Amino acid sequence: MERKAKRVLHGIIDSRKDELVALTQDLIKFPTINPPGDAYQQCAEYIGNRLAGRGFEVKYVRARGTPGDSDRYPRINVIARKEGPRPGPCVHFNGHIDVVQAGAGWTVDPFAGEVHDGRVYGRGSSDMKGGIAAAIIAVEALLDSGLDLPGVLEISGTADEESGGYGGVAYLAEKGWFSAPRVDHVIIPEPINVDGVCIGHRGVWWAEIETLGRIAHGSMPFYGNCAIRHMGAVITEFERVLLPALGARHTDMPVVPDGARQATLNINSVHGGQSDNPEGMPSPCVPDSCRMVIDRRFLIEEDIVEVKAEVRAILDRLHGEREGFDYRIRDLFEVLPTLTERDRPVARATAAAIRDVLGREPEFVCSPGTYDQKHIDRIGKLKDCIAYGPGILKLAHQPDEYILVEDMVNSAKVMAQAAYALLTGSAQS
Ligand SMILES: [Zn+2]
């Protein structure tokens, strides 16, 4: 890109470093914890009011009827759009405003946005309010630069990414907010590290397995059939057969971190028997049901039909071998792996900007989890989408989550340069 444009953009962004930090702090202070989906409206309106003041046309969309939506916890999304003086492509920055619960182990207040040693601390600092703030500063710098900018800039703050995105990007994509010709290029400032360009993710299958038994008096368990012991047998078989098999399967996708370059399984939860009752004593019963939720992450080289059949085969074998073993299995959620080509315009423009701003080669990576790109791809049918943002990948969902101010400033420059190249067509060269 031209030296003058770059100098102007970098100058504006450098001069707004304190504003960028303050914006990140303000966003962290909204406790947008999901579930249940707290403070969405206040956080969305904060973003919307700021951008309306900058001449954006601002819309609020409530995802009525989606999981968790209620008058108490409305799924509110904000979309801000600013059209340039001439027609041209639309570059859209999308960030999720929800965060996961703080959890234990914090040494700072997770919702105060404390700044120490060039780091902004707080739940959602890396994932991904620091990324949203950097995108806002990048877009505002473009608008204030006086550079000739055709086309359209959009910024959205969306709900529920942490719980699947149904009340956020999925809902908006179904209504056409993430499709051509309205939108051409999307950058999602998820925490991918400041020099990483994320071009895809592994697949996901969540399922609930229930083992079935028969209730009886706990003093005579031989008259019953213990569902929890059956579940123990399932876990033993997972340890013995399934986990070693998954660990031996490797992908050619550049998934980070390295440990996620293989198939994985997490046992999300196990519940059986009587629920915890701290008030009183349990009664003596043999449990007749035990439920386990599994979270299987699969590779682009694996087939989801075989992924499911592999688990069923273990359960069916136990059914044949173990007396009284019976089970049910229920699909909860699935997403196929995605991979965008690294020579698409948005990936190329972002990579070029990383080289320029940071002076090093970008790393093309795939996410170990999934994020809202899946909805933009599958529902919106928009392929020109990547994740790129300043947050530190390994800090997502951890206690004492933070983001580096320096990374936010650099990523704002990268995002501004990439958007400039995409709007002016200079990314093609
Ligand atoms: Zn995130």
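Here, the structure is the one placed above.
In this report, the structure presented in the accompanying data block is examined. Note that the coordinates shown come from a computational prediction; the quantities given were computed from them, not determined experimentally.

### Remarks on the environment of Leu-242
So, point 1. Tracing the backbone through its elements, the reader meets Leu-242 in helix α6 (residues 227-247).
So, point 2. Between the alpha carbons of Leu-242 and Ala-159 there is a distance of 35 Å; along the sequence they are 83 residues apart.
So, point 3. When near neighbours in sequence (up to four residues on either side) are disregarded, Leu-242 contacts Glu-237, Leu-265, Glu-310, Val-311 and Ile-314.

### What about the sheet that holds strand β11 (residues 289-298)?
So, point 1. With respect to topology, four strands assemble into an open sheet ordered β10-β11-β9-β12, the strand pairing being antiparallel. For this open sheet the edge positions go to β10 (264-272) and β12 (326-335), each flanked by a neighbour on one side alone. Direction aside, the axes of adjacent strands within the sheet are offset by 15° on average.
So, point 2. Note: β10 against β11, eight bridges, orientation antiparallel. Across the sheet, Gly-272 pairs through a bridge with Cys-290, a residue of β11.
So, point 3. Contacting β9 (203-212), β10 and β11, α6 crosses the sheet at an angle of about 15° to β11.
So, point 4. With respect to the sheet, helix α7 (residues 304-321) is in contact with β9, β11 and β12, its orientation differing from that of β12 by roughly 165°.

### Here's the deal with the coordination of the zinc ion
So, point 1. Around the zinc ion, the protein supplies His-96 (NE2), Asp-127 (OD), Glu-190 (OE) and Glu-190 (OE) as donor atoms, at distances of 1.8 to 2.8 Å.
So, point 2. Around the zinc ion sit four donor atoms, and with donor-metal-donor angles ranging over 51 to 148° the site reads as irregular.

### Considering a nonpolar patch on the surface
So, point 1. On the surface, Met-220, Phe-222 and Tyr-223 cluster together to form a nonpolar patch covering roughly 360 Å² of accessible area.
So, point 2. Checked against the element boundaries, Met-220 lands in the loop between β9 and α6.
So, point 3. Taking relative accessible area as the criterion, Met-220 reaches 33% and is therefore assigned partly exposed.

So, how was this worked out
- Each chain carries its own residue numbering, running from 1 in the written order of its sequence.
- Residues qualify for local features only when their pLDDT is at least 70, as the model is predicted, and side-chain atom pairs are given and counted only at 80 or more; totals for whole chains, interfaces and linings, by contrast, use all residues.
- Only heavy atoms go into the side-chain values, all of them from the structure, while hydrogens and water stay out.
- Secondary structure elements are defined from DSSP: runs of H or I of at least 4 residues count as helices, runs of E of at least 2 residues count as strands, and each element is numbered from the N terminus.
- Between two residues, a contact is recorded if the distance between any of their heavy atoms is within 4.5 Å.
- When DSSP finds at least two bridges between two strands, those strands are taken to pair.
- Only the contacting stretch of a helix is used when fitting its axis, a line to C-alpha atoms as for every element, and angles between N-to-C directions run 0 to 180 degrees.
- Donor criterion used throughout: N, O or S atom within 2.8 Å of the metal, extended to 3.2 Å for Na, K and Ca. Water excluded; incomplete-looking sites may result.
- Here the metal geometry follows the donor angles, with tetrahedral for four donors whose angles all fall between 85 and 135 degrees, square planar for four and octahedral for six when opposite donors are more than 155 degrees apart and every other angle is between 65 and 115, and irregular for all the rest.
- Patch membership requires more than 30% relative accessible area and the absence of a salt bridge. Residues of like charge join within 9 Å; the nonpolar side chains Val, Leu, Ile, Met, Phe, Trp and Tyr join within 5 Å.
- Reported accessibility uses the Shrake-Rupley method at a 1.4 Å probe radius. Residues are deemed covered only where the shown protein chains occlude them.
- Salt bridge criterion: a side-chain nitrogen from Lys or Arg within 4 Å of a carboxyl oxygen from Asp or Glu.
- Each residue gets one of three labels from its accessible area relative to the maximum for its type: buried under 20%, exposed over 50%, partly exposed in between, using a 1.4 Å probe on protein chains only.

All quantities given are derived from atomic positions and should not be read as evidence of function.
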